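Architecture and fold: a report
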Amino acid sequence: MAANGSAGKGIKWELKKGVLTISGNGPMKNYGKDRPWIASNVEKLVVEEGVTSIGDNLCRDSKNLIEVSLPSSLKTIGNSAFQSCRKLPDIHIPYGVEEIGDRAFYDCNAFIELDLPISMKRIGKEAFAKCSNITNARLTQSLESMGDKAFEDCLILANLSGLPDFIDTGNSLTYGLNRAAVKNYWDRKEEMAAKYGNSSGTNITNKSEYAKVEPSDVDIDIPFTGKNNKNTFALIIANENYGKLANVPFAINDGEAFANYCRRTLGIPEKNILLYKDASYGSMREAFGDLRLINEFAGDNMKVIVYYAGHGAPDDATLDPYLIPVDAGRINRDVCIPLASIYQELGSMKLESAIVFLDACFSGGTRENKMVMADARAIARVPKKQGLTGKVAVLSATSDEQTALPYRDKGHGMFTYYLLKRLQETKGNVTLSDLKEYITKEVSRNSSIVNRKEQTPTFTVSNGASSVWDSWKLNE
C-alpha cells in the first residue's frame, strides 16, 4: 500500500509509523470502505491546520486508533468518519466544527464523555449510536438539528447538559436519548429559573442551561478595535454548575463576556482563545497542558492571559488554595487544581508576560454568601499565600477571608463587571497598573453599596516582572 498520496484538491495524506497525517488547505475528499492504506495500521490521526473537513469513512474500522488531533480550521466531520474505532477513548472536537455526519462516531464504545463546541449546528443520524459507555454528554444550545437515533443504544448516558430547545421529553426517544435524563435536565433549569429569576433581578427562561440575564451595558457595547495580537493567548475557565457543590451564579456569563472582549477589543485570534465552560478536573488539567504545548512552539514572545470564574477554596488541613472543577465533591489535590501548580506552570514557561484574573475567593465562601460545601464549617478561612516565579502578575477578586460577590443587576461577578467596564471604556488601551487601580477602587466601593459587604481585590507580582508589570497592556 502507498505511504502517501492525495486526499483531495490541495490535500495530502501520509502514513508513517502508525501516524496518519492529513495536511493542506480546504476540504478532504470522501472515501468508500476502500482506502489507500490499511485501516488497522492507523494508530494516531493528525489533521493539520488548513484542513476544513474530515472525509467520509476516513478512519472507519481503524481498530487500533487511540488518538486524534483536529485543527481549529475544521468545519465538518464526514459520514462514518470514525465508525467502529473501538479503542479511541475520547475526542476533542474543536470550536469551529459545525456539522457531524451520519454515523460519524457510531460504535465508538470507548467514549465516556462527550463535549460539543458551541459552534455545532447539525448532528447526523446515528452519529453517536452504540457509544455504549458514554455517561456524560454536553451538547450545545446552538444546535439547529439532530438526526434520528443520534444517541441510540447509549444506555448509560444519564447526565445531559446544554440541550437545545427542540429536544424535550416528547421527542427524546427519537434521538435515542433517555427520557428521564432529558426531564431531569429541564427540571434543573426550572429550579435555576426559580432560584435566580425575577426575585433576584434577573430574567431567566426555563430552557436555559445557565443563569441567563438580560445583557448589561458591558455585554451590549463591546468595542471592536481591529487589532491582531497573534502572540497573545487567552485561557478562560468559567465554572458555574457544580454537581455536588453550590453553584456560582453568572460565571458562564462572565467567561463568555471576557472571551468576547478578548476577540473584539484585545484582538486575540479565535484560535488563540481556549474557553472552557463548566470544566471537569480532566478538562482543567487538559487546558493548562494545552497552554504548555502551545508555549513550546510559540516561544518566549508569547503572552498569556488566564481568566477564571468559579469556586476556589482552601484545603482544611493545609490551607493551600485550590480551583474547584465542577465534578469535584470535596477539596483536595486528588480532585481539585492547586493554585500553586498553576502559578508554577506559568512561571516555568518562556513567556513575555502572564496576567491572571481570578474572580474567585479562597476562603471557602460562595457568591451566595454560603459555604462551598454544605457541610463545611460556617467560618471563612484565610488561605496560604502562594509565591510567583517567572513573569507573572495576578489580580484576584478578594482579600484573605473575603467572598467574591455578584453584581446581580449586571449579571456578572462584581470583579468581572468592573474588569469588563474598564476594557470597554478604554477600548483595551489600558495598562495593567491603571486596570488594577480602577478595579480595586470600583469593586471596593460598589461592593459595600450593592452587597453591603467588603470586597477588596488584591494584586501580586513575581520578582521577574516587578520592574515592568505596570506598563503591560492587554491589547499589545
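Residues numbered from 1 in each chain as written. Predicted model: local features only at pLDDT ≥ 70, side-chain atom pairs only at ≥ 80, totals over all residues. Heavy atoms only, no water.

Quick look at the sheet that holds strand β4 (residues 26-27) now. In any sheet, the strands associate via hydrogen bonds between backbone groups, in a parallel or an antiparallel arrangement. Spatially, β4-β6-β8-β9-β11-β13 is the arrangement adopted by the six strands of the open sheet, whose pairing is parallel. Looking at the sheet topology across the chains shown, the edges are occupied by β4 and β13 (145-146). Strand direction decides the pairing type here: strand β11 (residues 122-123) and β13, joined by two bridges, are parallel. Bridged to I123 within β13 is M146. (Pairing = 2+ DSSP bridges. Helix = DSSP H or I, 4+ residues; strand = E, 2+ residues; numbered from the N terminus.)

Tallied over the entire structure, the rule returns 19 salt bridges. In this structure, the salt-bridge partner of E126 is R103, at a minimum N-O distance of 2.8 Å. Of this pair, E126 sits in the loop between β11 and β12 (136-138) while R103 sits in the loop between β9 (99-100) and β10 (113-115), and the two are 23 residues apart along the sequence. For E126, a relative accessible area of 23% translates into the label partly exposed. Between E476 and K473 there is a salt bridge, with its nearest N and O atoms 4.0 Å apart. With relative accessibility at 45%, the residue E476 sits in the partly exposed group. On the accessibility criterion, K473 (23% relative accessible area) is partly exposed. In this structure, a network of salt bridges that share partners links the residues E99, R122 and E144. (Salt bridge = Lys/Arg side-chain N within 4 Å of Asp/Glu carboxyl O. Buried < 20%, exposed > 50% of the residue type's maximum accessible area, 1.4 Å probe, protein only.)

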